[in-house]
Structures are given as C-alpha cells and as structure tokens.
Amino acid sequence: MTTLAGIATSRGLVSGPVFLYRGDGEIPVPEYVVEAGHEEEELRRFERAIVDTKRDLESLIAVLRERTGREDVRVFECHLMFLEDPTFEEAVKYSVTVDHINVEAAVKSFVSKMRAQFSRMNDEYFRERIRDFDDVERRLLRALTGFAQDPHRELKVPSIIVADDLTPSETVKLPRENVLGFATNGGSATSHVALLARAMAIPAVTGLVNVTSLVKPGMTVILDGSNGTITLNPDKQTCELLESALSHRKAAEAKADLGGAPAGTLREGGQVLLYANIHPGVAVSGLKEIGARGVGLYRSEYLWLNREREPTEDEQFEAYKEAVIEASKLSPKASITIRALDIGGDKTVKGISAKEANPFLGNRSIRYLLSNVDVFKTQLRAVLRASAFGKTYLMYPMVSCVEELNEAAVILAEVKRKLDEDNIPYDRNMPVGAMIEIPAAAINADAIAKRVDFFSIGTNDLIQYTMAADRSNEAVAHLYQPTNPAILYLMKRTIAAAHRHGIMVGVCGESAADPIIGVLWAALGIDMLSMSGTYIPVMAKLFRRLSRKDLDEYAALVNDMDGSCTAQDIFESCREWMERKIPDIDDLLI
C-alpha cells in the first residue's frame, strides 16, 4: 500500500479501479527494476501485449482491405512483421532477464536504437520508416500501460480517471456515469479540470507528479479530494476506515440540517446569497435540491468546446433559453448570469483560438469579442432573446479598462436596435456586469462601477494576475494566496467601490466555496457567493452556524492585521477563528 500526496482539488472520498487515460499527449513510460523471480511474469505481460496489438492491427487491416488501396494495407502489414521479428523479441527478453528492466522500458530502448539507426541512413525510404517505429511503439506501449485512447469505448465500469493532465474538452467528453474521481500528474486547485470536477461533484486530486507511472489499469485506489491524497492498493484496515469516514460524513450532514432555512441564512437573521457555477451540460434543475438561489456563473464557452465550428445563434439561444427557464424555478427571485465567451489562456477552442506567445496576456475574453464583432453580436443576440424567458444577467469577462466597456455598450445597443426592428422580444433592462479579474480593474473599480449594473469578482484569475503565477502550474501553486495582503487590498477596494455606487458585488471564483476564504469574503461585504453546486450545502451549513456579529468580528480580525503579516499568518489566524466558532468544522468538510 502506498499513499501519494497532491493538491486537494475537489472534495469527496471515493474508492474504485484505475482507468488510465492517455489523451493526446505522450504516454508516460514507467521504469523500474524487475526483481529476481519475477522475470517470467514480466515477459508474460509482453506476450499478452503483443497478442492484443496484433489483434488490433489485424482488425484494422481487414477494414482497410474493404475501404482503401493495397499500399495502405501494406504499411500495417509491415507493422505486424515488426511485432513478429525474433530480433525484437530476443532483445526485450534479454533486457528483462539479464538487465532486469521492465518491459515498457525495454521496448522503448529497442525502438530508440532502431530509430537512431534508420535516421542515419541516406535512403529517404528507410528514414521514413521511423514513423512506422513510432506507430508500433505507441500501440504496444498503450497495450502495456493500459493508457486509454477512446474513453467512450473503453471506460466501461465506474472508475477513477488517472491521467497526466486533462484539458477542459477531454474532461467533458468523459462519460459522467463511469467517472468516480480524477487524479492527475499536473494541474492545480484552480485549473480547469479542477473547476469542472467541482461543477460535476466529482472528487479530484491534482499535482501528483508521477501517479501515472505508479498505477496499473484496474488497480484499486482510494482518492481523498478533501486531503489531496490517493492510496494505491489499500489494505483491509484502510478500506474499513474509508467506510467509517463515509458513515461519519452522513452523520455530520444529518446533524447540520438547515431546518428548512434558505441556503445562506445566518444564525440570527440576515443572509449571504449562494448561487451556483455551471456550464452547458450540467442540469440546472438539480440545483434546487441543494438550495441554490440561482446561477451566478454560466460558462458559455463550453458550447464552443468539442465542436468543429462556432455554434450558431439558434444553437446558442436554445441552450441559454433552457438554462434561463430552469434557473427561474430555483427560487422566487432567481436569476442566471451568463458570462460572455471567455476563451484564451488555458482555454483554447479549435478553429478560433490563435497561437500566441503568451496567451494569458493575449487576445482573450472581452478582447477577443471586441476584435471579432460578428462572434460577439451573435452571442449577444442569443442571450438577449433568451432573456425574454426569465431573469437574465450578462457579464463581460477579463475587463481591464472603461474603454472596453464603452465599446461593448455601443455594440450591445446596436444589437438591441436590430432586435427591435425584427420585433423579437427581449429584456430591454437586462443587467450587464463586469468581471473583476485583473488588478487594473480592481484599482479602477470606481470608474468601472459607473458603467455596469453589478460586479462579479473572479478570484482565480485575480490572484493569478496579481501574484504573476500561472494557476495551472503546480510548481507555483503555493503562490495562489487568497489571504495575501495585496489580494485583500484589491478585494476590499472593489467591494467598497461597488457599494458606493449602489451595485451588487459577488465572487464567482472557486475561493467562494472555501470554508475559510468564502466566509471571509462574506465578512468583508460580498453580497453573493457563486460556486460549484456540490459545495453549496456545506457553505450553507457554515453560515447557519454564524451570525452577522460573528462576520463583523471576522472582518475586524483581518482588518486589524498589519502589513507585515504574511499570507500564511493571515490564513492561520482565519482558520483558528473558524475553528473556535465552529469546533466541528472538519466533520462538515470530509
């Protein structure tokens, strides 16, 4: 039994078999010493992989013979010959039995030698055969390591997905019914696989560095998304502890029942509005059971993922309309806030995203929309049309200056005039807001507040840009510091500016769901917290245990800490305060 520590990414405790997902990247090749007496077992793995790979190639050849010419078939027949080459077989056997290296490493070593040998040849034909080596090697390594290529075809039972990393498009393609959890080598608590895991209520641990090299397909693991660990081959005692922890969580949830009070209600009156972050494909109707007051962030960009073309106006309208209608059923004053297309940085869209030297500082989000007006107008028309079916808000992502808002306002007015001409109904007073994600926007919050109806602070990017630390890079994950004095200064400045101008201010970054930080934002004056739906019940229970007087005390604690305090100093003080107020807080967060 081995336990690996990574980054706690999406809460939850789950056990199940491993499903290794390759994606489109390189296949990690494990390297280890084959212990004496285990050589035959290792060679049997090689034999099974050869049989499986040959079977796949023979099936492919049979299809090609029916559909294409003889030349294409001959290529794969050569691949079969390579697998049957006694020189290859003997080399692998020698590496395993004499050098005691594992089969994957032996295959990679032999193919590397062949690749180098052919690359030195003058004949172009033989140099081209290097591609054949690459293809055969990839097929064989996939059979040996179990790395999946087509999750829809191969993911047949509920499993824990283990991968080097996952892009948003890869994550949403996975069949939800068979995904128990995520464990990745890379990523961070605020990477997009993390956001999606939380949105789908799936436990996840990221930043595990080399988990793909240490697990095998089908191996039983326990994944703890709350503590950021994954346990390989758990023993009987550990499995029993897992069952005990799950029972303990159910008991804690029952003990912390809200007694029918709306989510976000404080102990002695007052409330903090709790909304949900969702994306297309997440059922809005299910949010009613967990107490969501509405949808605070609808990530429209996911309509663009996994597509070969931009969604049409009608396709967007139908998606927005469905979400608006369902959101209106959540509570008497429910609303849905649709974020305009937010691409760029680590969110790329095929056929749209351009290659940039530094995409995080490039033509992304509102900048992209203003430089691609046709795309912008199409989305605005679809959102406005959907607004006729329920309370709809629109917000612009990555606003950095008032000029962007002025330009967007002109385009929006033009779209409204055209809808009027076409006699298409829409909410003429649809509120429009700005996301505060860039330090410049927070510093200039007063000027921005004059031009919008609400603020939504995206703490994920605000912290990233303030700390100059890529939030998807585990090497600098420690610089994701919500309690850094600079972050607190920007938060308080933004909240004060919003309230001076009489507009609502919320947080839609994932820090809203953090028991320490989310409550702190509410204490500092945030009106609304929007988070992955799975976290709303937990946050609702925490607020039910606190009063407005408690929140004022919490804010005073932070405001009284001087500028010499570090982010860790402030966080530890916040944690100690929360533990004093809610002694059993850890029971609620299992």
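Computed from a predicted structure; not experimentally measured. All residue numbers here refer to positions counted from 1 along the written sequence of the relevant chain. Thresholds applied to this predicted model are a pLDDT of at least 70 for local features of residues and 80 or more for the giving and counting of side-chain atom pairs; totals over whole chains, interfaces and linings are not thresholded and use all residues. Just so you know, side-chain values use all the structure's heavy atoms and leave hydrogens and water out.

A short note on the packing of helix α12 (residues 313–327) against helix α14 (residues 373–386)
The axes of two packed helices give the description: the angle between them and the distance between them. To be explicit about the condition: A fitted line through C-alpha atoms serves as each axis, taken over the contacting stretch for helices, and the angle formed by two N-to-C directions is quoted from 0 to 180°. Helix and strand definitions here come from DSSP, where helices need a minimum of 4 consecutive H or I residues and strands a minimum of 2 consecutive E residues; each element is numbered from the N-terminal end. Left-handed describes a crossing whose near helix is turned anticlockwise from the far helix through less than a right angle; right-handed describes the clockwise counterpart. Here, residues are in contact when the closest pair of their heavy atoms is within 4.5 Å. Residues were grouped as follows: Ala, Val, Leu, Ile, Met, Phe, Trp, Tyr, Cys and Pro as nonpolar; Asp, Glu, Lys and Arg as charged; and all remaining residues, including Gly, as polar.
With their axes 8 Å apart at the nearest point, α12 and α14 run at an angle of 35° to one another. Seen from above, α12 lies across α14 with right-handed handedness. Contact residues: E313, D314, Q316, F317, Y320, K321 and V324 in α12; T378, Q379, R381, A382, V383, R385 and A386 in α14. A per-class count over the contact of α12 with α14 returns six nonpolar, three polar and five charged.

Section: the pattern of salt bridges
Here is the rule we go by: Within this document, salt bridges are pairs made up of a side-chain nitrogen of Lys or Arg and a carboxyl oxygen of Asp or Glu, the two lying within 4 Å of each other.
Enumeration over the complete set of coordinates arrives at 25 salt bridges. As a salt-bridge pair, R55 and D52 come within 2.9 Å of each other at their nearest N and O atoms. With R55 and D52 both in helix α1 (residues 39–67) and three residues apart, the pair spans about one turn of that helix. Of the charged contacts in the structure, one is a salt bridge between D550 and K581, with a shortest N-O distance of 3.3 Å. Of the two residues, D550 sits in helix α22 (residues 548–559) while K581 sits in helix α23 (residues 567–581), which places them 31 residues apart along the sequence.

Looking at the packing of aromatic side chains
To keep it simple, the criterion reads: Two rings belonging to Phe, Tyr or Trp (six-membered ring only in the last case) form a pair when the distance between their centres is within 6.5 Å. Interplanar angles under 30 degrees mark stacking, angles over 60 mark edge-to-face geometry, and anything in between is tilted. Residue exposure (1.4 Å probe, protein chains only): buried if accessible area is under 20% of the type maximum, exposed if over 50%, otherwise partly exposed.
Taken as a whole and judged by the stated rule, the model has nine aromatic pairs. With centroids separated by 5.8 Å and ring planes inclined at 80°, the aromatic side chains of F46 and F88 adopt a geometry described as edge-to-face. Taken together, the residues F46 in helix α1 and F88 in helix α3 (residues 86–97) connect sequence positions 42 residues apart. F46 sits in the buried class, given a relative accessible area of 4%. Using a relative accessible area of 0% as the deciding quantity, one classes F88 as buried. Between Y393 and F454, the ring centres sit 5.4 Å apart and the planes meet at 70°, which makes this aromatic pair edge-to-face. Note that Y393 is positioned in strand β12 (residues 392–396) and F454 in strand β14 (residues 454–457), a separation of 61 residues in sequence. Of the residues examined, F454 reaches a relative accessible area of 7% and is grouped as buried.

Description of helix α18 (residues 459–467)
Among the nine residues that make up α18, eight are buried, leaving the element largely enclosed by the rest of the structure. Within α18, burial applies to T459, N460, D461, L462, I463, Q464, Y465 and M467. Trailing α18 by a residue or two, A468 shows a phi angle of about 55°, which is positive.

Topic: α12
Heads up, the condition is: Here the expected length of a helix is defined as 1.5 Å per residue gap, with one fewer gap than residues. Note that the arc is computed from the directions linking the helix axis to the C-beta atoms.
Across its 15 residues, α12 extends 21 Å between first and last C-alpha, which sits within 8% of the 21 Å expected from 1.5 Å per residue. All of the buried residues along α12 are E313, Q316, F317, A319, Y320, A323, V324 and A327. For α12, the buried positions fall inside an angular range of 170° around the axis, keeping them on one side. Where α12 is buried, its residues contact β10 (295–299), β11 (336–339), α14 and β12.

Regarding the pairing of strand β5 (residues 179–184)
Note the following rule: We call two strands paired when DSSP finds no fewer than two bridges between them.
Counting buried positions along β5 gives five out of six residues, so the element sits mostly inside the fold. Across five bridges, strand β4 (residues 159–163) lies against β5 in parallel orientation. Bridged to I160 within β5 is G181. Bridge analysis of β5 against strand β6 (residues 204–206) gives two bridges, and the strand direction is parallel. The partner of F182 across the bridge, within β6, is A204.

A word on the sheet that holds strand β9 (residues 273–278)
One key point about sheets: their strands pair by backbone hydrogen bonds, in either a parallel or an antiparallel sense. Spatially, the eight strands close up into a barrel ordered β9-β10-β11-β12-β13-β14-β15-β16, and their pairing is parallel. In this sheet, neighbouring strand axes are inclined to one another by 30° on average, regardless of whether the strands run parallel or antiparallel. With two bridges joining them, strand β15 (residues 504–507) and strand β16 (residues 528–532) adopt parallel strand pairing. Across the sheet, residue G506 finds its bridge partner in β16, namely M528. Contacting β9 and β16, helix α21 (residues 536–544) runs over the sheet at an angle of about 165° to β9.

What to know about the sheet that holds strand β2 (residues 7–10)
Read across the open sheet, the eight strands follow the order β1-β8-β7-β3-β4-β5-β6-β2; overall the sheet is mixed. A single partner strand is all that each edge strand has here, and the edge strands are β1 (2–5) and β2. Shown here is a sheet whose adjacent strand axes are inclined to one another by a mean of 30°, direction ignored.

Topic: the confidence of the model for the protein chain
Note the threshold: What pLDDT conveys is the predictor's confidence in a given residue, as a value from 0 to 100.
For the protein chain, per-residue confidence averages 84 on the pLDDT scale, and residues scoring 70 or more make up 84% of the total. Considering only residues more than four positions removed or in separate chains, one finds that residues 252–258, a stretch of pLDDT under 50, has nine contacts.

Regarding the environment of L232
In this structure, L232 sits in strand β8 (residues 229–232). A residue is classified by how much of its surface remains accessible, and L232, at 6% relative accessible area, is buried. Sequence separation between L232 and M219 is 13 residues; the distance between their C-alpha atoms is 7.4 Å. Beyond its immediate sequence surroundings of up to four residues, L232 is in contact with M1, T2, L4, L214, V215, M219, T220 and V221.

Considering the environment of A449
Examined against the element boundaries, A449 turns out to sit in helix α17 (residues 445–449). Note on A449: relative accessible area 3%, which makes it buried. Residues A449 and G433 lie 16 residues apart in sequence; the distance between their C-alpha atoms is 8.8 Å. Those residues in contact with A449 that lie beyond four places of it in its chain are F455, A497, H501 and I503.

Examining the nonpolar core
Note that soluble globular proteins tend to have their nonpolar side chains buried in a common cluster. Definition in use: Here, nonpolar core means buried Ala, Val, Leu, Ile, Met, Phe, Trp, Tyr and Cys residues that are tied together by side-chain atoms lying within 4.5 Å of each other.
Judged by nonpolar contacts, the single largest core of 107 residues is most densely connected at L274, Y396, F455, W521 and L529. Excluding residues within four positions of it along the chain, W521 makes contact with T459, P482, I487, L488, M491, V507, S511, A512, I526 and L529. Counting 26 residues, the second largest nonpolar core, distinct from the first, contains I50, F76, V111 and M114.

Looking at the pairing of β14
The two faces of β14 match: F454 and S456 on one face and F455 and I457 on the other face are all buried. Both strand β13 (residues 432–436) and β14 contribute to a ladder of four bridges, which runs parallel. Looking across to β14, one finds that A434 is bridged to F455. As paired strands, β14 and β15 are joined by four bridges and run parallel to one another. Paired with F454 across the two strands is M504, which belongs to β15.

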